[in-house]
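A closer look at the structure
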Amino acid sequence: MREESEGELKRVVIIGGGPAGLMAATQLLKSDCEIILLDQKASVGRKFLVAGDGGFNLTHSENKLELMEKYDSDWMKQAVRTFPNKDFIKFLKQIGIETKVGSSGKIFPEDEIKPIQVLNAWKQHLEGRVQFQLNCRFVNFEGNELIFERDGKTEKMSFDYLVLAMGGKSWPVTGSDGAWTQLFEQKGIALTPFQASNSGLVLYENWLGDLEGKILKNIRTSCGNQSCAGDLVCTNYGLEGKPAYAINGALRKMEKPLFKVDLKPQMPLQKVFEVLKKAKNPSQGLKELKLGEVAVFWIKNFVSKQRFLDPKELAKAIKEFPIGIKGFRPIEEVISCAGGVSGAEISESGELNKFPNVFVAGEMIDWDAPTGGYLIQGCVSSGFVVGKAIKLSMINE
Ligand SMILES: Cc1cc2nc3c(=O)[nH]c(=O)nc-3n(C[C@H](O)[C@H](O)[C@H](O)COP(=O)(O)OP(=O)(O)OC[C@H]3O[C@@H](n4cnc5c(N)ncnc54)[C@H](O)[C@@H]3O)c2cc1C
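Residues numbered from 1 in each chain as written. Predicted model: local features only at pLDDT ≥ 70, side-chain atom pairs only at ≥ 80, totals over all residues. Heavy atoms only, no water.

**What to know about the sheet that holds strand 9 (residues 153-158)**
Strands belonging to one sheet form pairs held by backbone hydrogen bonds; the direction of such a pair is parallel or antiparallel. Spatial strand order, 7-8-9: three strands in an open sheet with antiparallel pairing. The open sheet has two free edges, formed respectively by strand 7 (136-142) and strand 9, since each of these has just one partner strand. Within this sheet the neighbouring strands show an average axis-to-axis angle of 30°, counted without direction. As paired strands, strand 7 and strand 8 (residues 145-150) are joined by six bridges and run antiparallel to one another. Following the sheet pairing, Asn140 is matched in strand 8 by Ile147. (Pairing = 2+ DSSP bridges. Helix = DSSP H or I, 4+ residues; strand = E, 2+ residues; numbered from the N terminus. Axes fitted to C-alpha atoms, helices over the stretch in contact; angles between N-to-C directions.)

Here is the structure:
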């Protein structure tokens with residue numbers, strides 16, 4: 001049933017035109033093979049563009065070891081070691097995209113470069129060599145045959161290598177709907193259930209007050225071994241912002257999720273105590289500490305009267321303010337998801353142990369990382385590893 005490929009050329013089919021699939025294709029450009037990229041949407045890179053609507057952190061400028069530490073999976077740490085931020089930045093430069101380092105160390109495209117220009121430059125780099133087949137929905141693979149739907153009809157296509165880079169489950173409107181998980185379960189491939197990651201935190205109603213839109217500035221959240229400084233934004237359901245996203249992993253592990261906020265991280269406990277002790281009353285002390293409206297509301301509503309009146313206890317409460325959460329935002333709304341294909345199911349090169357010549361890359365794999373460029377970096381690193389492995393396999397055959 002092979003729809004003949006040109007001569008003896010090997011055919012690599014990539015499913016999914018997100019950063020992982022695009023980078024896998026990029027690695028194969030110089031190989032003597034046919035490259036076909038299928039996507040169920042009418043255009044590729046839709047989530048990449050959504051990411052561009054926000055900060056569009058393409059990667060982070062940290063050194064390799066610091067970068068690797070941001071990933072919770074050994075597989076992804078190795079992928080990032082193989083293709084780190086510097087290599088991605090070099091690739092972007094090669095396709096005409098200059099980058100800059102933001103004050104927080106995140107890497108952005110230069111000011112005048114829009115996300116669509118980054119995507120177009122990447123597509124142009126691939127065009128001519130990669131056959132893009134859009135509006136094609138992958139359904140299954142059997143042996144070396146791929147089954148997909150186009151215009152409501154089922155079609156088949158043979159492959160020598162198959163790369164599955166269909167993304168996670170957040171923002172399904174961009175095409176990554178997680179529907180592939182059913183097929184993987186049927187095929188006996190172990191998956192970790194998807195969970196919201198880099199998600200806002202949903203608080204109990206009594207914590208919300210009239211705080212919507214207010215910002216809790218310069219605080220530090222901590223939970224387990226995760227901690228992050230920055231600003232939290234109050235919404236009508238809870239909290240958004242990097243210090244909320246960064247502790248998702250530790251919160252997910254807790255039966256009754258609870259985190260702590262240091263409401264005055266710039267000042268040590270002893271100094272906070274001294275300011276409170278000198279003040280004529282606790283409310284005046286809070287003013288002198290320049291705590292904002294949200295912090296004062298929470299302290300006044302959730303610290304017992306006895307602790308409030310004792311400067312030592314109040315200082316402790318300010319430095320380690322505990323907040324229990326009701327949960328996370330629905331997976332459809334969040335930036336990324338944890339979960340996916342278990343690391344035990346894939347080789348070092350991302351090949352499925354049970355299905356030789358079938359590889360997975362990007363958010364389909366079970367790994368988690370904070371926002372700030374680490375997500376796109378993880379996706380391109382995994383795409384690189386998979387593309388390189390296929391390239392080597394073709395040379396060695
Ligand atoms: C709001 C938001 C902001 C973000 N901001 C950032 C940021 O600033 N920095 C950062 O590093 N990351 C950011 N991210 C995360 C980043 O965009 C993702 O981690 C990344 O796009 C995932 O890449 P991927 O290649 O694994 O999958 P995706 O980009 O999700 O691509 C998967 C592709 O597979 C296709 N597909 C799925 N199923 C099928 C099927 N059955 N048949 C055919 N095609 C299929 C989809 O149509 C899609 O094109 C953000 C994400 C969101 C939602």
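There is more to say after this.
**Quick notes on unusual backbone geometry**
In this structure, Asn198 is a non-glycine residue whose phi angle is positive, near 50°. With a phi angle near 60°, Lys290 is a residue other than glycine that sits in the positive phi range. In this fold, Lys290 is placed in the loop between helix 11 (282-288) and helix 12 (293-302).

**Describing the nonpolar core**
Counting 84 residues, the largest nonpolar core has Phe88, Trp122, Leu146 and Leu164 as the members making the most contacts within it. If one sorts the elements of this core by residue count, helix 15 (residues 374-396) sits on top with eleven residues. In contact with Trp122, not counting residues within four places along its chain, are Pro19, Leu22, Met23, Thr26, Phe48, Phe88, Phe91, Ile95 and Val380. (Core = buried A, V, L, I, M, F, W, Y, C linked by side-chain atoms within 4.5 Å. Buried < 20%, exposed > 50% of the residue type's maximum accessible area, 1.4 Å probe, protein only. Contact = heavy atoms within 4.5 Å.)

**Quick look at the packing of aromatic side chains**
Using the criterion set out here, one finds 14 aromatic pairs in the structure. Their ring planes at 75° and their centres at 6.1 Å tell us that Phe48 and Trp122 sit as a pair that is edge-to-face. With Phe48 in helix 2 (residues 46-53) and Trp122 in helix 6 (residues 115-126), the pair connects residues that are 74 residues apart, well separated along the chain. Across this residue pair, the class does not change: Phe48 and Trp122 are buried. When the centroid spacing of 3.8 Å and the interplanar angle of 5° are considered together, the rings of Trp207 and Phe302 count as stacked. A residue pair is termed long-range when its members are at least 10 positions apart, and Trp207 in the loop between strand 12 (201-202) and strand 13 (215-223) and Phe302 in helix 12 qualify at 95 residues. Under the relative-accessibility criterion, Trp207 is labelled buried at 9%. A relative accessible area of 30% places Phe302 in the partly exposed class. Three or more aromatic residues link up through ring pairs in this structure, and these residues are Phe48, Phe56, Phe88, Phe91 and Trp122. Seen from the ring of Phe141, Lys187 lies directly overhead, with NZ or CZ sitting 4.2 Å from the centre. Just above the ring of Tyr237 sits the side chain of Arg329; from NZ or CZ to the centre is 3.6 Å. (Phe/Tyr/Trp six-rings, centres within 6.5 Å; stacked < 30°, edge-to-face > 60°. Lys NZ or Arg CZ within 6 Å of the ring centre and 35° of its normal.)

All we've got here are geometric facts, nothing functional implied.
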